[in-house]
Amino acid sequence: MAQFRTCPDTGLYFHKSAESLIKANAVAAAVALLVAGVLGLLVVLTRWQAVHLLPADQFYMALTAHGIDALIFWIIFFEMAVLYVASSVLLRSRLATPFWGWVQFVLMLVGAIMTNWAIFQGNSSVMMTSYAPMQAAPHFYLGLILFAVGALIGCFVFFGTLVVAKQEKTYDGSIPLVTFGAVTAAIIAVFTIASGAIILVPTFFWSIGYISHIDAEMYRIVWWGMGHSSQQINVAAHVAIWYLIAGLVFGARPMSEKVSRSAYLLYILFLQLACAHHILVDPGVSAEWKVFNTSYAMYLAVLASMIHGLTVPGSIEVAQRAKGFNNGLFEWLRKAPWDNPVFSSMFISLVTFGFLGGITGVVMGTEQINLIIHNTIYVPAHFHATVVTGTTMAFMGVTFFLIPVLFRRQMILPGLAKLQPYIFGGGMTILILFMLGAGTLGVSRRHWDMDFTGAALGFDYPGMAYTLMGIGAFGGVIGVVGGAAFLLITVGSLLFGKKLEPSAGLLQSFGVPLAASCYTDERPAILPRAAAAEGHHGSSFEAPGTFVLALVLLVTFVVYYFINWKYLASVWQLS
Amino acid sequence: MKETSDKPEKDQEEKIPAMQTLIDNPFLLLFIGVAMPTVFYLIWGIMEIVTIPVAP
Ligand code: HEM
Ligand SMILES: [Cu+2]
């Protein structure tokens, strides 16, 4: 008999087994973020040429581990928690096969430890992308494979839960939009993991000597089938969290279920094709393949992101206006709860993802202007806007929400929590903006020494490049402080926060269920169908403020796009 | 628990539009979502690599 707990504050239902799995995955994610953050500090202090902290070999080791712990382990552990929330909690359903859920967790944990162990042994500093013919230790690949198998199992537990919910009729009508977003994420995850298996399994055999040769170009194409798609899992997941938080904080309802779902459908169809933007300057593949996959297909996916970027704040605006914040274009936004870290994290995520991540992403996805910044520090700057201020901040926001609701602990240091999104988001924005600038001046990514000391073929960067890297790194240090504040608050709350439920002890914070009396055998009430939003047909005029914001984004994009083409022309001395 | 749609009863019984049957079927979506990139990105890309002539 499935047992459920009802959250007394929010009315959410937690299936006992799902609850434990969500907690375990979220805690593992936080540990990965801690490791990644410490390494990020070491990396950024090395790229700050005036500090130049680590020696070369340790720099590349730290950079490899930073990329993998942050982008793979932190994000995907958290996404497993998101999948279980979106299926079991939001659909009020029992989780399908909790046993396989634990297999997911254990495999991913073992895999993560194994790969870290390989990296810190020192012979696997191959960067996150581990391009062949660079070779890492066998357990580097094996760890990643185990991790991926675990994640795939998690996806099928998710799909299984959808089936269970449908069969047991736990909801009426269609699944909620947030769950639909998670479906999108899980679909992309299946392709991601399949690509990963196709390339990492042979690479593993190559590392133990069973296969003699891995073609470098083949590796790049298939690897990016995983490497890029996994970023699209993040996008689908964090957009779902935007919708979730808009609903939780404002009671906002999607402006149009149809439009939002169609936008997700565009993700399912086209988002993954943009993998090809990583191959834009590779020889061996045709221009047709590059142009089809990056331009036409990618623009449809970008369109979908713009729809979400419009409907999420639009739904907030509509909800706020309904509450009477109707003055002018922006009263609804000014009077938003800016000191609630759940909201502020989410809103910073939305704005930076669109303005910094989105615009630079489209620029980099354009073959010609990509050439200006290819393989420069511009690239990490871009994806810190997407995966750090975008995805990571959305995940942080929802974590603040989950501490009382899921873990039944009161959040400690509420004053610091109010500031945390601004410290983290502000610091990372500085890092992003200045490294974008440095990249435009040609500063390489993954490069230990800007001075080229003793190199046969040196290069003198302009003094400005050093200044930009220095300021960017300073922002990175602030970002690390903000990240540390996040971990201090969350982990501190799990350990020392006031218990909102007497049985929420230490072990309960790590996945052990609460006291038996918290759960009942009673089935949760059926989730009612989302009421049709009469009169809200997604017209921009119900949300004029959002419409203006969208125009600002468009103008910023056009100006920035123009500047890049202009710059390209001047590089080739065509004007 | 009758918080269902505001629409009158008979509207709800109307034929479900094709688009909605697609969106309500996660496994069909899964198929499409895996097939698209497999065909256009992986297979097409790999075909181009394997048809590069080997240097003499
Ligand atoms: C907490 C503050 C962080 C700082 C200061 C930071 C700093 C940096 C810097 C400076 C680089 C580029 C180094 C180079 O190419 O030479 C880098 C690379 C990278 N970072 Fe971060 N980062 C932070 C957080 C994160 C987070 C949260 C994620 C993922 C969610 C992330 C993912 C990555 C990845 C994937 C790379 C590329 C690694 C590679 O080139 O193989 N970072 N980071
Ligand atoms: Cu990409």
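Parameters and conventions
Residues numbered from 1 in each chain as written. Chains lettered and ligands numbered in written order. Predicted model: local features only at pLDDT ≥ 70, side-chain atom pairs only at ≥ 80, totals over all residues. Heavy atoms only, no water. Contact = heavy atoms within 4.5 Å. Buried area = accessible area lost by both parts, 1.4 Å probe. Salt bridge = Lys/Arg side-chain N within 4 Å of Asp/Glu carboxyl O. Polar contact = N/O pair within 3.5 Å; in protein donor to acceptor, adjacent residues only side chain to side chain. Helix = DSSP H or I, 4+ residues; strand = E, 2+ residues; numbered from the N terminus. Nonpolar A, V, L, I, M, F, W, Y, C, P; charged D, E, K, R; others polar. pLDDT = per-residue confidence, 0-100. Donors = N, O, S within 2.8 Å, 3.2 Å for Na, K, Ca; no water. Buried < 20%, exposed > 50% of the residue type's maximum accessible area, 1.4 Å probe, protein only. Near = heavy atom within 4 Å. Axes fitted to C-alpha atoms, helices over the stretch in contact; angles between N-to-C directions. Parallel < 35°, antiparallel > 145°, perpendicular 65-115°, else oblique. Patch = residues over 30% accessible without salt bridge, like charges linked within 9 Å, V, L, I, M, F, W, Y side chains within 5 Å. Areas by Shrake-Rupley, 256 points an atom, 1.4 Å probe, with all protein chains shown as cover.

Chemist: Looking at this structure, I do not really get the interface of chain B and chain A. What am I missing?
Modeler: Buried accessible area, meaning the area lost when the parts come together, often serves as the stated size of an interface. Listed per partner, the contact involves 31 residues of chain B and 45 residues of chain A. Carbon and sulfur atoms make up 77% of the surface buried where chain B meets chain A, a total of about 3,100 Å² over both sides. Looking only at chain B, the three residues that lose the most surface to chain A are Ile23, Tyr41 and Ile49 of chain B, adding up to 21% of its buried area. Along the contact surface separating chain B from chain A lie zero salt bridges. Seen at the junction of chain B and chain A, the total is eight residue pairs in polar contact (both at pLDDT 80 or more). Put simply, the parts of the chain that give the side of chain B that touches chain A at least two residues each are helix 2 (18–23) and helix 3 (26–50) of chain B. For the side of chain B that touches chain A, the per-class residue count stands at 20 nonpolar, seven polar and four charged.

Chemist: Looking at this structure, I do not really get the confidence of the model for chain B. What am I missing?
Modeler: Residue and element names in this part refer to chain B. Here chain B shows a mean pLDDT of 81. Residues at 70 or above account for 75%. Confidence scores differ between elements of chain B, with helix 1 (residues 9–12) showing the lowest mean pLDDT of 51 and helix 3 the highest of 95. Across residues 1–5, confidence stays below pLDDT 50; counting only partners more than four residues off in sequence or on other chains, it has seven contacts. For this predicted complex, the interface score ipTM comes out at 0.91, alongside a pTM of 0.94.

Chemist: Before we go on, may I ask you to explain the coordination of the copper ion (ligand 2) in this structure?
Modeler: Four donors placed tetrahedrally about a metal ideally form angles of 109.5 degrees, and six donors placed octahedrally ideally form angles of 90 or 180 degrees. Residue and element names in this part refer to chain A. The protein atoms that coordinate the copper ion (ligand 2) are His228 (ND1), His277 (NE2) and His278 (NE2), at distances spanning 1.9 to 2.1 Å. In primary-sequence terms, the residues that donate to the copper ion (ligand 2) follow H-x48-H-H. Of this pair, His228 sits in helix 6 (residues 216–250) while His278 sits in the loop between helix 7 (257–270) and helix 8 (287–322), and the two are 50 residues apart along the sequence. Under the relative-accessibility criterion, His228 is labelled buried at 4%.

Chemist: Is there a simple way to think about the confidence of the model for chain A in this case?
Modeler: Where the model shows low pLDDT, its predicted coordinates should not be examined in detail. Residues and elements named next belong to chain A. Of all residues in chain A, 98% attain a pLDDT of 70 or more, and the chain-wide mean is 93. Per-element confidence in chain A is highest for helix 3 (residues 98–121), whose mean pLDDT is 98, and lowest for helix 11 (residues 367–373), whose mean pLDDT is 88. Every residue in residues 534–540 scores below 50 in pLDDT, and together they form nine contacts with partners more than four places removed in sequence or on other chains.

Chemist: Is there a simple way to think about the site of ligand 1 in this case?
Modeler: All names here are of chain A. In the vicinity of ligand 1, 27 residues are found, and the nearest of them are Arg47, His66, His384, Arg445 and Arg446. Note that an oxygen atom of ligand 1 is positioned 3.0 Å from one of the side-chain N or O atoms of Arg445. Arg446 is positioned such that a nitrogen or oxygen atom in its side chain is 2.7 Å from an oxygen atom of ligand 1. Listing elements by their share of the shell around ligand 1, those giving two or more residues are helix 1 (16–47), helix 2 (56–91), helix 12 (378–405) and helix 14 (463–496). The greatest single-element share of the shell around ligand 1, amounting to eight residues, is contributed by helix 2. Grouping the constituent residues of the shell around ligand 1 by class yields 17 nonpolar, seven polar and three charged.

Chemist: What is the right way to look at the packing of helix 8 of chain A against helix 3 of chain B in this model?
Modeler: For any two helices packed against each other, the geometry is given by the interaxial angle and the distance between the axes. Where helix 8 of chain A meets helix 3 of chain B, the closest approach of the two axes is 10 Å, and the angle between their N-to-C directions is 170 degrees. The angle between the axes of helix 8 of chain A and helix 3 of chain B places the two elements in the roughly antiparallel class. Between helix 8 of chain A, through Glu288, Trp289, Phe292 and Asn293 of chain A, and helix 3 of chain B, the contact on the second element is made entirely by Phe40, Tyr41, Trp44, Gly45 and Glu48 of chain B. Here the residues of the contact of helix 8 of chain A with helix 3 of chain B are counted per class, giving five nonpolar, two polar and two charged.

Chemist: I tried to follow a nonpolar patch on the surface on my own but got confused; where do I start?
Modeler: All names here are of chain A. On the surface, a nonpolar cluster with roughly 400 Å² of combined accessible area is contributed by Val31, Leu34, Val35, Val38 and Phe120. Looking at which element gives the most residues to the nonpolar patch, the answer is helix 1, with four residues. Tracing the backbone shows Val31 in helix 1.

Chemist: It is not clear to me how the environment of Arg92 of chain A should be interpreted in this structure. Could you clarify?
Modeler: Residue and element names in this part refer to chain A. As for its position among the elements, Arg92 is in the loop between helix 2 and helix 3. According to the relative accessible area criterion, Arg92 is buried, its value standing at 19%. Put simply, Arg92 and Tyr171 are 79 residues apart on the chain and 7.6 Å apart in space, counted from C-alpha to C-alpha. Those residues within four positions of Arg92 in sequence are excluded, and the remaining contacts are Phe4, Tyr13, Ser87, Thr170, Pro524, Ala525, Ile526, Leu527 and Pro528. At 3.0 Å, the side chain of Arg92 forms a polar contact with the backbone oxygen of Ala525.

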